[in-house]
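Commentary on secondary and tertiary structure
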Amino acid sequence: MNVPDSEGKTVPGADGTSGSKVRDMFAIGDNIRKVIDSSVLPKSVKILDTTLRDGEQTPNVALSIDDKIRVAQALDEIGVGIIEAGFPITSEWEKEAVSRIAKLGLKAEVLGLSRSNKKDIDAVLECGTGSIHLFIATSDIHLKNKLKITREQAIEKAVESIDYARSHGLKVEFSPEDATRTDLTFLKEFVSAVQEAKADRIDIPDTVGIMIPQAMNYLISELKKICRVPIAVHCHDDFGLSVSNSLAAVLAGAEEVHCTINGLGERAGNAALEEVAVALQTFYGVETGIDLRKLTHVSRLVSKLTGVAVQPNKAIVGDNAFAHEAGIHVHGLLGESSTYEAISPEIVGKERAFVVGKHTGTHAVQAKLKNYGIEIEDSQLKELVGRIKKLSEGGKKFDDAELIALAYDVLGRGDEPAKIRLDEFAVFTGINFTPTATVTIDIEGKQKRASETGIGPIDSSLNAIRSAVSKNIVLKEFRLEAITGGSDSLCEVTIKLGDRRDESIISLGKSVGADIVITSVEAAITALNRLCYIKNDLIAE
Ligand code: KIV
Ligand code: ZN
């Protein structure tokens, strides 16, 4: 999508984002544009994702072949241009994974990593990827201590391997490993030789993450003077600068950036794809081909499959990236979201969240309660916020269900007799038996009985309750968490119910107990009573 920039020219925007949101994004870019040299800045930047190779080198991460395939498909879906699927020489298993990814028929270019020798290249050829990522170290530290070869020998090996790979029909991306600690005169000589040998792209790895943005900008500018093929950068995060260094390289003309989802990778990891893609599109208006709205989904998928949790305060995809607690901030946001948000959360597939805690102000609490159909007077709101702050200072954490329970207490509804009470409940389940639940529910003194089946005991129980009370009830969310370990552990169930006739109505119930079915039923009854309070015609149906 093209949108007008601050000077009225059209610049590329984030795929799938609305004009006004993209303009929001570009508001940040006005000052940055002053340092952009548009004769150097590329129009678009390719993302090479190496989650399946460098990302898998994260300590204690090992993906199954099926999981690697799922990640490759997800990367392709979000629009990654190049996928580094693995390092085929490392094992037969890895070879199998890369081969299967190569056969998926993805839109993305798929490549395998290879050292500069025939055995490694043959392993990539066996996978049928069509492209190869070749590397050899060029810094004196690596040449002397690891490879024990001279600079000239490194050039020879690089050229020979490019010749061999190309003669077998492979497209070649070449990396002088540890380029950023390589003597610049030699690096230029090396890059020229690799280019002469007809490498298709040259990558500059900051292997141990020792660059700063200004130095990266200088290095890429120097290499651009001699490079006719596209330049990529591969930045590690040892000093937390991988994204900044990648952006600085693009400002100097780099046309490709190596990234990983959630910044996974060796040691402190690599540049995080979600941060690089959003920053490139937001700050520079450079197109990356990435559908930003799908970033949160792919981040969660990779976190689940690798078992590496995303830190809550992680930029773009962390749980707190669009969560607000401070009263002043919430007040500002409720008036105009750009006051305290650099970009709108929907742009990256997230939702804004107001968190209730020590720093909460009245506006956040009022907005939250309104969401659940609860109106509250000013004096009661003040009392409620006072109680929240006091409890939070004592270490209490609030979720929405607890906030509502406290609000009901302040509103004096906590002591009111419930409209809906569960008189009898039984559920039958087993193997080769359809789970069936029967309930007798007292609704304002009138007994209603219902039996329903479901795909499990909880499902059938909730269906029976719905049948007895009202078919208009819809289950919006069901969350079950074990509080302690072991088969006798306590569980916590949170249930969100709605009214089929009115999308805006939601109610929340929570219960803690030892039996997951009974605890779920209790949470549902709490949510139902709250729903009746918001929507008093619910049980008349
Ligand atoms: O960090 C690095 O230098 C690498 C190379 C293999 C490109 O991962
Ligand atoms: Zn690396």
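Each value, and the rule that gives it
- Residues numbered from 1 in each chain as written.
- Chains lettered and ligands numbered in written order.
- Predicted model: local features only at pLDDT ≥ 70, side-chain atom pairs only at ≥ 80, totals over all residues.
- Heavy atoms only, no water.
- Pairing = 2+ DSSP bridges.
- Helix = DSSP H or I, 4+ residues; strand = E, 2+ residues; numbered from the N terminus.
- Axes fitted to C-alpha atoms, helices over the stretch in contact; angles between N-to-C directions.
- Contact = heavy atoms within 4.5 Å.
- Donors = N, O, S within 2.8 Å, 3.2 Å for Na, K, Ca; no water.
- Buried < 20%, exposed > 50% of the residue type's maximum accessible area, 1.4 Å probe, protein only.
- Core = buried A, V, L, I, M, F, W, Y, C linked by side-chain atoms within 4.5 Å.
- Salt bridge = Lys/Arg side-chain N within 4 Å of Asp/Glu carboxyl O.
- Patch = residues over 30% accessible without salt bridge, like charges linked within 9 Å, V, L, I, M, F, W, Y side chains within 5 Å.
- Areas by Shrake-Rupley, 256 points an atom, 1.4 Å probe, with all protein chains shown as cover.
- Lys, Arg positive; Asp, Glu negative; His and termini not counted.
- Charge placed at Lys NZ, Arg CZ, Asp CG, Glu CD.
- Domains from an automatic or database assignment.
- Buried area = accessible area lost by both parts, 1.4 Å probe.

Observations regarding the sheet that holds strand S18 (residues 502–513)
Strand order in the open sheet formed by three strands is S16-S17-S18, with antiparallel pairing between adjacent strands. The two strands at the open ends of the sheet, each matched to only one other strand, are strand S16 (473–482) and S18. The sheet shows a mean angle of 15° between the axes of neighbouring strands, taken without regard to direction. The strands touched by helix H16 (residues 457–469) are S16 and strand S17 (491–499); relative to S16, the strand with the most contacts, the crossing angle is about 145°.

Things to note about the coordination of the zinc ion (ligand 2)
At 2.0 to 2.1 Å from the zinc ion (ligand 2) lie its protein donor atoms, namely Asp54 (OD), His234 (NE2) and His236 (NE2). Motif for the zinc ion (ligand 2), donor spacing along one chain: D-x179-H-x1-H. Of the two residues, Asp54 is situated in the loop between strand S3 (46–49) and helix H2 (65–78) and His236 in the loop between strand S9 (231–235) and helix H9 (242–251); the sequence distance between them amounts to 182 residues. Overall, Asp54 belongs to the buried group, its relative accessible area being 2%.

What to know about the side chain of Asn529
As for its position among the elements, Asn529 is in helix H17 (residues 516–534). Once you skip the residues sitting within four places of it in the chain, Asn529 turns out to touch Ala418, Lys419 and Ile420.

Side note on the pairing of S18
Residues in a regular strand project their side chains so that they alternate between the two faces of the sheet. Two strands pair when backbone bridges link them, and S17 and S18 are joined in this way by nine bridges, in the antiparallel orientation. Looking across to S18, one finds that Cys491 is bridged to Gly513.

A few points about the nonpolar core
Ranked by internal contacts, the top residues of the largest apolar core, which has 94 residues, are Phe174, Ile204 and Leu273. Formed by 28 residues, the second largest nonpolar core is a distinct cluster that contains Ile420, Leu462, Ile495 and Ile525.

Regarding the pattern of salt bridges
Tallying each qualifying case throughout the model produces 42 salt bridges. Across the pair Asp54 and Arg53 runs a salt bridge, and its minimum N-O distance is 3.5 Å. Asp409 is the partner of Arg387 in a salt bridge, and the nearest nitrogen-oxygen pair spans 2.8 Å. Note that Arg387 is positioned in helix H14 (residues 378–393) and Asp409 in helix H15 (residues 400–410), a separation of 22 residues in sequence. The partly exposed category is assigned to Arg387, whose relative accessible area is 29%.

Some remarks on a negative patch on the surface
Side chains of Glu152, Glu156, Glu160, Asp163 and Glu189 sit close together on the surface and give a patch of like negative charge. Here Asp163 shows up in helix H6 (residues 151–167). By relative accessible area, which is 44% here, Asp163 ends up partly exposed.

Thoughts on the domain arrangement of the chain
Parsing the chain into structural domains produces domain 1 (35–306), domain 2 (323–411) and domain 3 (420–534). At the junction of the two partners, domain 1 supplies seven residues and domain 2 supplies six residues. Summing the contributions of domain 1 and of domain 2, the shared interface buries around 450 Å²; its carbon and sulfur component is 60%. For the domain 1 face of the interface with domain 2, the top three residues by lost area are Leu292, Arg293 and Thr296, together amounting to 65%. Here domain 1 and domain 2 share zero salt bridges between them.

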